[in-house]
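# Coordinates in review
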Amino acid sequence: MHDIKAIRENPAEYDALWAKRGLEPQSKRILDQDKLIRKAMQVVQEAEAARNKSSKLIGQAMAKGDKEEAERLKTEVAGAKNVIAAMGAQVDSEKGQLQKLLSELPNVPFEDVPEGEDEDSNVELHTWGEPTKLGFEPKDHADLGEALGMMDFETAAKMSGSRFVVLSGLLSRLDRALAAFMLDIQTGEHGYVEHTPPFLVWDKALYGTGQLPKFEEDLYKTTADHYLIPTAEVSLTNIVRETIVASETLPRRMTAHTPCFRSEAGSAGRDTTGMIRQHQFNKVELVSIVKPEDSEAEHKRMLGCAEEVLKRLELPYRVVELCTGDLGFGARRTFDIEVWLPSQDTYREISSCSNCGDFQARRMNARYKFAEKDNRFVHTLNGSGLAVGRTLVAVLENYQNEDGSITVPKALVPYMGGIEVISA
RNA sequence: GGAGACGUGGCCGAGUGGUCGAAGGCGCUCCCCUGCUAAGGGAGUAUGGGUCAAAAGCCCAUCGAGGGUUCGAAUCCCUUCGUCUCCGCCA
């Protein structure tokens, strides 16, 4: 959500930043609408003031027993009520339109975010490790998992259709081990507090984080009007919705290991096989609630927290900064971490860390005490630390042996009960 | 799922149609008094919005949320969310 006051004051600045995301200038129609509303509101408020005043006089007249005066005043009020009803309806409708305009406009990028139309303009910031050299033809994770007899897409399809999987045995355990490993790092070393939040949320929670109203088709909705979370970012960030947090509790760092549900509407044909793109996957999510002045530093810190997991697992990766055209709806800046996948001979996204500024905070009315009588919007950040499913994919592919077995990364052996190799 | 009770300002709590944005208490802020301690006295203390160059002022809205009845709603009605009690069911 955007600050209408800020747009009033700097319309050109907003237009320039939106232009970087490929949007037409928006501020003129926003401000026109804003003017329209305020003008109509004045009329309504004057009528309301007149009604209130006359109503009080009616009360006094009744008390005195002056029925005639009371009746005369009632007709006066009736006139005011007509104005209130007619103009009030107009105000509501105009406000709705402005609200729709504002709620569907994406966040503005920071000034120094690289400009570009699409992912081709993303900027590589750094790499870690060397792309894995196997010395034999690498298999992809699906082939490896199926050969091990621990990854079954067909069985999943029988009950749930495409883009689902049944893991079993040691791969199932690997999934659990990875999640526990990640949580231990983020909670034990990076100060994130573990949470177990709802996986089903209302529309207003999704509106708060920005998935709604624009991206409803990406979500699963229950018959009871709940949505399945597409990421724990929704649940964790909404923890501070409609609250004024004490400033000494900031930064507030939260993590959660949850399933994520995505309809993947519009991605038909992409990553159709394997575990890369599923309707359901597990993720360890990181969310930070911070003061505005701390958000850029916190963003870098969060990126480091996510990177640390890959370093411990000794999985090669690179970090890219998304260009303006590739930014998500709520983000002012985003760093993606991409892990090396031998079967695809390329890096694939495994984490995305975004600074949303006060965009989500405004939408969910999350503030902190800046000073006595001055509550300001917090900044919110979220990042994967990491996507568990894709990490499992990366482990399988990078740690595969020629015979199809998988060496367990050293850091993970304790989490696997001492097992060092996964084989059929 | 059935029956019932409740939801008021930072907190507690009064308020069943008018002069209530809301008594009282606690807390907090400022001032006074008191040579310590304890206590006492006074004033102030919600949020969002409109108007204004700005402030003051004025005005509008807000008593969980949304709608309705009424000249007028914290108070009456409906819907909804939440909390609590009892019963039922259940991992």
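Remember, predicted model here, so these are calculated numbers, not experimental data.

About the cut-offs
- Residues numbered from 1 in each chain as written.
- Chains lettered and ligands numbered in written order.
- Predicted model: local features only at pLDDT ≥ 70, side-chain atom pairs only at ≥ 80, totals over all residues.
- Heavy atoms only, no water.
- Phe/Tyr/Trp six-rings, centres within 6.5 Å; stacked < 30°, edge-to-face > 60°.
- Helix = DSSP H or I, 4+ residues; strand = E, 2+ residues; numbered from the N terminus.
- Buried < 20%, exposed > 50% of the residue type's maximum accessible area, 1.4 Å probe, protein only.
- Lys NZ or Arg CZ within 6 Å of the ring centre and 35° of its normal.
- Polar contact = N/O pair within 3.5 Å; in protein donor to acceptor, adjacent residues only side chain to side chain.
- Near = heavy atom within 4 Å.
- Contact = heavy atoms within 4.5 Å.
- Pairing = 2+ DSSP bridges.
- Axes fitted to C-alpha atoms, helices over the stretch in contact; angles between N-to-C directions.
- Domains from an automatic or database assignment.
- Buried area = accessible area lost by both parts, 1.4 Å probe.
- Salt bridge = Lys/Arg side-chain N within 4 Å of Asp/Glu carboxyl O.
- Nonpolar A, V, L, I, M, F, W, Y, C, P; charged D, E, K, R; others polar.

Before going further, it helps to spend a moment on the packing of aromatic side chains. The final tally for this structure, using the stated rule, is 6 aromatic pairs. Between Trp-128 and Tyr-317, the aromatic rings sit 5.7 Å apart at their centres with planes inclined by 15 degrees, giving stacked as the arrangement. Residue Trp-128 is located in strand β1 (residues 123–128), and its partner Tyr-317 is located in strand β11 (residues 317–321); the two are separated by 189 residues in the primary sequence. Judged by its relative accessible area of 29%, Trp-128 falls in the partly exposed class. One aromatic cluster is present, formed by Phe-215, Phe-329 and Phe-359 through successive ring pairs. If you follow Arg-332 out to its NZ or CZ, it ends over the ring of Phe-110, 4.1 Å from the centre. Lying across the ring of Tyr-207, Arg-363 places its NZ or CZ 4.2 Å from the centre.

Time to look at the side chain of Ser-288. With respect to the helices, strands and loops of the structure, Ser-288 is situated in strand β10 (residues 280–290). Within the structure, the side chain of Ser-288 is placed 3.5 Å from the side chain of Tyr-192, a separation counted as a polar contact.

With that settled, the discussion passes to the protein's contact with RNA strand B. Contacts to RNA strand B come from 19 residues, most closely from Glu-48, Arg-51, Ser-55, Val-77 and Lys-81. Taken together, the sugar and phosphate atoms account for 74% of what RNA strand B places within 4 Å of the protein. For RNA strand B, a base nitrogen lies 3.3 Å from a polar atom in the side chain of Gln-45. Contacts to RNA strand B include Arg-51, whose side-chain N or O atom sits 2.9 Å from a phosphate oxygen. When contributions to the surface near RNA strand B are tallied by element, the ones reaching two or more residues are α1 (4–9), α3 (27–64) and α4 (67–103).

Moving on: the environment of Ile-276. With respect to the helices and strands, Ile-276 occurs in the loop between β9 (252–261) and β10. Setting aside residues up to four positions removed in sequence, Ile-276 forms contacts with His-141, Asp-271, Leu-341, Gln-344, Arg-348, Arg-390 and Val-393.

Our focus in this paragraph is the sheet that holds β1. Spatially, the 8 strands line up as an open sheet ordered β1-β11-β12-β13-β16-β10-β9-β4, and their pairing is mixed. Of all the strands in the sheet, just β1 and β4 (193–195) have a single pairing partner and so form its edges. Ignoring strand direction, the axes of neighbouring strands in this sheet form an average angle of 25 degrees. Packed on one face of the sheet, helix α10 (residues 295–313) meets β1, β9, β10, β11, β12 (333–341), β13 (346–355) and β16 (379–387) and runs near 5 degrees to β16.

When cut into domains, chain A gives domain 1 (4–103) and domain 2 (119–422). Here domain 1 and domain 2 have C-alpha centroids that lie 44 Å from each other. Contacts between the two partners involve 4 residues from domain 1, matched on the other side by 9 residues from domain 2. Summed over both partners, the interface of domain 1 with domain 2 buries about 540 Å², with 38% contributed by carbon and sulfur atoms. If you sort the residues of domain 1 by the area they bury against domain 2, Lys-20, Arg-21 and Ser-103 come out on top, with a joint share of 85%. Across the contact surface, domain 1 and domain 2 share 0 salt bridges. Put simply, domain 1 and domain 2 have 5 residue pairs in polar contact (both at pLDDT 80 or more) between them. Broken down by class, the residue content of the side of domain 1 that touches domain 2 amounts to no nonpolar, 2 polar and 2 charged.

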